[in-house]
Amino acid sequence: MKKIDLNPIDHVLSVVRTAFDNNVCGTACIGLEEASNRILADDLISDAFVPEFPKSTVDGYAVKFNKKPCQCTLVGKVDMGEALDIELKENTCVYVPTGGVIPKGADTMVMIEDTCMLTPTVVQFNKGADHRAFIIEIGDDMKPGQLVLKKGTRLKPQHIGVLASLGKQRVQVLKKPKICLISTGDELITLDERLSYGQSREINGYTLTAIAEEMGLEVVNRCVLKDDYALIKAEIELALKMADLVVISGGSSVGEKDYTYDLLCETASEGVLISGMAIKPGKPTLVAKHLNKPIIGLPGHPVSAIVVFKLIVGEIMKTWGHEVKKDHKVMVKLTKDIYAAEGRDTYQMMSFEETAEGILAHPTSGKSGMITLLSQSDGYVIIPRSPGVIKKEMVVEGYYLD
Ligand SMILES: Nc1nc2c(c(=O)[nH]1)N[C@H]1C(S)=C(S)[C@@H](COP(=O)(O)OP(=O)(O)OC[C@H]3O[C@@H](n4cnc5c(N)ncnc54)[C@H](O)[C@@H]3O)O[C@H]1N2
Ligand code: MOO
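Remember, it's a predicted structure, so these values are computed and weren't measured experimentally.

Q: Is there a simple way to explain the site of ligand 1 in this structure?
A: Taken together, 24 residues lie near ligand 1, and Glu187, Glu202, Ile203, Ser252 and Lys283 sit nearest. In this structure, an oxygen atom belonging to ligand 1 sits 3.3 Å away from a main-chain N or O atom of His301. Broken down by secondary-structure element, the contributors of at least two residues to the shell around ligand 1 are β13 (178-184) and α6 (302-319).

Structure representation (C-alpha cells):
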C-alpha cells in the first residue's frame with residue numbers, strides 16, 4: 001500500500017535545494033521598461049561617477065563658504081545642463097538653479113529665501129551657510145567600481161532607477177522559469193460548466209497561477225484533467241517538454257484514484273524524492289525529479305495546495321537564484337491555546353488584531369478544503385509538532401499572508 005511519510009519540513013527543503021541546485025533556465029537581455037520585478041543575473045558595478053559634476057540641490061547662489069552674513073557681487077547665472085566658464089572669487093556669487101552645475105571656486109549653496117537683492121548685481125546673504133551645504137558632490141551617488149546592485153536582486157523601481165542613472169538601456173536578467181499546472185479530479189468542473197451535485201469548481205489552477213506569476217514564473221500551460229492515469233501521464237510527459245517545473249494538484253494521497261505517486265514513479269527519471277511531509281496542511285506532498293526538472297505533487301485541498309506551493313516552489317525558486325517575497329513576520333500574542341496536528345508542524349490560520357499593546361492573534365477555524373479559511377485570515381502562526389502546543393498569552397512569530 002502507498003504510504004505518506006512524515007518528513008520534517010527542513011529535511012524536505014534541504015532535499016529540494018540539493019536536488020535542484022542546477023538552474024537550467026538561463027538568462028535573457030531585456031529592455032529596462034520590461035525589467036520591473038525581474039531578477040538581476042549579474043552584480044551591477046558602477047562604471048561612472050554619478051553625478052559627474054558637483055550638483056546644487058536648491059535654487060540659490062553658489063558662494064565661497066562664509067560663516068557670517070555678508071554681501072556678494074553677482075557675477076553670473078548657471079543654465080540647466082550647462083557649466084559656467086567662471087572661477088568664483090571671494091565675495092562674489094553665481095545664481096544656480098536646483099540641479100545646476102556648481103561653478104569652479106564655489107563650495108557652498110545658499111537658498112534664495114536666505115538672501116535679498118540689494119541692487120541688480122549685489123546680493124545680501126542674511127545668515128551664514130554651512131560649508132558644502134546643498135551640494136551633491138561628484139560620485140556621491142555612485143563611483144566607478146562600486147557594487148551598486150547585487151546579482152539576484154528582484155528589480156524594484158529604485159533599482160531600475162540605478163540602471164537608468166548609469167545609462168543601461170538593457171539588463172541581463174534570469175529567465176522566468178516555465179511552469180505547467182495540472183489539476184486533477186473527476187469531480188472538478190471548469191468555471192464555464194454547470195455545477196452538479198457532488199462536483200466542485202476548479203480553484204487550484206487559478207490560485208496557483210496567481211502565486212506562480214507573483215513569484216516570477218511563467219505559466220506556459222494549465223489544464224484540468226479527470227482521474228485518468230493514461231491521460232495524466234501523457235500530460236505530464238508533454239509538460240516536461242514545455243516547462244522547467246511541473247506541478248500536479250490532487251491525487252497525491254492514498255485513495256483508489258490517487259495516481260500521482262505512481263505516475264511520478266513511472267515518469268520521473270530520478271524517481272520520487274519525497275513522499276509526504278510533516279506539515280498541516282499539506283501532508284500528502286510529493287517531490288520527484290526528472291533529469292534536472294522538479295515535478296511536484298500537491299495535495300488537492302485548495303488551502304493545502306497554496307501552502308505547499310509557496311513552500312516548495314518558493315524554495316526551488318530561491319535555489320535557482322530568484323528572490324522570493326517572504327510573508328511579513330511580526331510578533332503576536334495568542335488569545336487562545338493552539339495545538340499542532342499529531343507529528344506535524346501546523347500552520348494555524350489567524351486573524352490579527354493590531355492594538356496599542358501589540359498584535360493579538362485569534363485562531364480562525366476551518367478545514368484545508370475551505371478556501372475562505374485563507375481569505376478570512378490575516379496570517380498564520382506555525383505550531384511546532386513538538387511540543388505541539390502554544391499557550392494563550394505567549395508571544396510568538398506570526399506571518400501575514402501575502
Ligand atoms: N486515508 C487518508 N486519506 C487522506 C489522507 C491521509 O493521510 N490518509 N490525507 C488527507 C489530506 S491531509 C489531504 S490534504 C488530502 C489530499 O488529497 P489528494 O491530494 O489526493 O487530493 P484529492 O483527493 O484529489 O482532493 C482533495 C479535495 O480537494 C479538492 N480539489 C482537488 N483539486 C482541486 C482543485 N484543483 N480545485 C479545487 N478543489 C480541488 C477535491 O475536490 C477534494 O475535495 O487527502 C486527505 N485524505
Ligand atoms: O494536509 Mo491536508 O492538507 O491536512 O488537509
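Q: Would you explain the UniProt feature "domain: MoaB/Mog" (unreviewed entry) in the protein in this entry?
A: In the numbering adopted here, UniProt assigns the feature "domain: MoaB/Mog" (unreviewed entry) to residues 180-319. This span, residues 180-319, is 37% helix and 28% strand, and a straight line between its end C-alpha atoms measures 19 Å.

Q: Explanation requested: the sheet that holds strand β4 (residues 60-63) in the structure shown.
A: Hydrogen bonds along the backbone pair up the strands of a sheet, which may run parallel or antiparallel. Read across the open sheet, the six strands follow the order β7-β4-β6-β5-β9-β8; overall the sheet is mixed. The open sheet has two edge strands with one neighbour each: β7 (108-111) and β8 (115-119). Neighbour-to-neighbour, the strand axes of the sheet open up by a mean angle of 40°, direction not taken into account. Where strand β5 (residues 70-77) meets strand β6 (residues 92-96), four bridges bridge the pair, whose relative direction is parallel. For Lys77, the partnering residue across the bridge sits in β6 and is Tyr95.

Q: Teacher, can you tell me more about the packing of aromatic side chains here?
A: Aromatic ring pairs are defined here through the distance separating the ring centres and the angle between the ring planes. Evaluation of the coordinates by the stated rule reveals six aromatic pairs. Aromatic pair Tyr229 and Tyr259: ring centres 5.6 Å apart, planes at 80°, arrangement edge-to-face. Here Tyr259 lies in the loop between β17 (245-249) and α5 (260-267) and Tyr229 lies in helix α4 (residues 229-242), a separation of 30 residues in the sequence. Seen in terms of ring centroids, Phe352 and Tyr400 are 5.0 Å apart; in terms of plane orientation they differ by 80°. Their pairing is edge-to-face. On the criterion of sequence distance, the pair formed by Phe352 in strand β24 (residues 345-355) and Tyr400 in strand β28 (residues 395-400) is long-range, its members being 48 residues apart. Neither residue differs from the other here; Phe352 and Tyr400 are each classed as buried.

Q: Got a minute to help me understand the sheet that holds strand β20 (residues 286-290) in this structure?
A: Reading across from one edge, β16-β13-β17-β21-β20-β18 is the order of the six strands in this open sheet, with mixed pairing throughout. Single-partner strands in this sheet number two, and they are β16 (218-225) and β18 (272-275). On average, each strand axis in the sheet is tilted by 15° relative to the strand beside it, whichever way the strands run. Where β17 and strand β21 (residues 293-298) come together, four bridges link them in parallel fashion. Bridge assignment links Ser249 to a residue of β21, and that residue is Leu298. Where α5 meets the sheet, its contacts fall on β17, β18, β20 and β21, and the angle it forms with β20 comes to roughly 20°.

Q: Any chance you could explain the packing of α4 against α5 here in plain terms?
A: The description of two helices packed together rests on the angle between their axes and the distance between the axes. Between α4 and α5, the least distance of the axes is 10 Å, while the angle of their chain directions is 50°. The orientation of α4 relative to α5 falls into the category oblique. Where α4 crosses over α5, the handedness of that crossing is right-handed. Seen from α4, the contacting residues are Tyr229, Ile232, Lys233, Ile236 and Glu237; seen from α5, they are Asp262, Leu263, Glu266 and Thr267. Its residues assigned to classes, the contact of α4 with α5 shows four nonpolar, one polar and four charged.

Q: It is not clear to me how the site of ligand 2 should be interpreted in this structure. Could you clarify?
A: Taken together, Lys280, Pro281, Gly282, Lys283, Pro284, His301, Ser304, Arg344 and Ser368 make up the full set of residues near ligand 2. The contact in question runs from an oxygen atom of ligand 2 to an N or O atom on the backbone of Gly282, over 2.5 Å. At 2.9 Å from an oxygen atom of ligand 2 is found a main-chain nitrogen or oxygen belonging to Lys283.

Q: What is the right way to look at the domain arrangement of the protein in this model?
A: When the parts of a complex come together, some accessible area is lost, and that lost area is often used as the size of the interface. Domain boundaries in the protein define domain 1 (9-25 + 176-319), domain 2 (27-46 + 142-174), domain 3 (55-136) and domain 4 (329-400). Taken over C-alpha atoms, the centre of domain 1 sits 66 Å from the centre of domain 3.

Q: Can you walk me through the environment of Glu82 in this structure?
A: Tracing the sequence through the fold places Glu82 in the loop between β5 and β6. Along the primary structure Glu82 and Ile160 are separated by 78 residues, whereas in three dimensions their C-alpha atoms are 26 Å apart.

Q: So what exactly am I meant to see when it comes to the pattern of salt bridges here?
A: Two side chains carrying opposite charge are able to pair once their charged atoms lie near each other. Inspection of every chain in the model, using the stated rule, returns 17 salt bridges. Lys156 is the partner of Glu323 in a salt bridge, and the nearest nitrogen-oxygen pair spans 3.8 Å. Of this pair, Glu323 sits in the loop between α6 and β22 (329-334) while Lys156 sits in the loop between β11 (147-149) and α2 (157-165), placing them 167 residues apart in sequence. Its salt-bridge partner being Lys233, residue Glu237 comes within 3.5 Å of it at the nearest N-O pair. Note that Glu237 and Lys233 are positioned in helix α4 at a spacing of four residues, about one turn of the helix.

How each quantity is defined
- Residues numbered from 1 in each chain as written.
- Chains lettered and ligands numbered in written order.
- Predicted model: local features only at pLDDT ≥ 70, side-chain atom pairs only at ≥ 80, totals over all residues.
- Heavy atoms only, no water.
- Near = heavy atom within 4 Å.
- Polar contact = N/O pair within 3.5 Å; in protein donor to acceptor, adjacent residues only side chain to side chain.
- Helix = DSSP H or I, 4+ residues; strand = E, 2+ residues; numbered from the N terminus.
- UniProt positions renumbered as here; feature names shortened; annotations may be inferred.
- Pairing = 2+ DSSP bridges.
- Axes fitted to C-alpha atoms, helices over the stretch in contact; angles between N-to-C directions.
- Phe/Tyr/Trp six-rings, centres within 6.5 Å; stacked < 30°, edge-to-face > 60°.
- Buried < 20%, exposed > 50% of the residue type's maximum accessible area, 1.4 Å probe, protein only.
- Contact = heavy atoms within 4.5 Å.
- Parallel < 35°, antiparallel > 145°, perpendicular 65-115°, else oblique.
- Left-handed = near helix turned anticlockwise from the far one by under 90°.
- Nonpolar A, V, L, I, M, F, W, Y, C, P; charged D, E, K, R; others polar.
- Domains from an automatic or database assignment.
- Salt bridge = Lys/Arg side-chain N within 4 Å of Asp/Glu carboxyl O.

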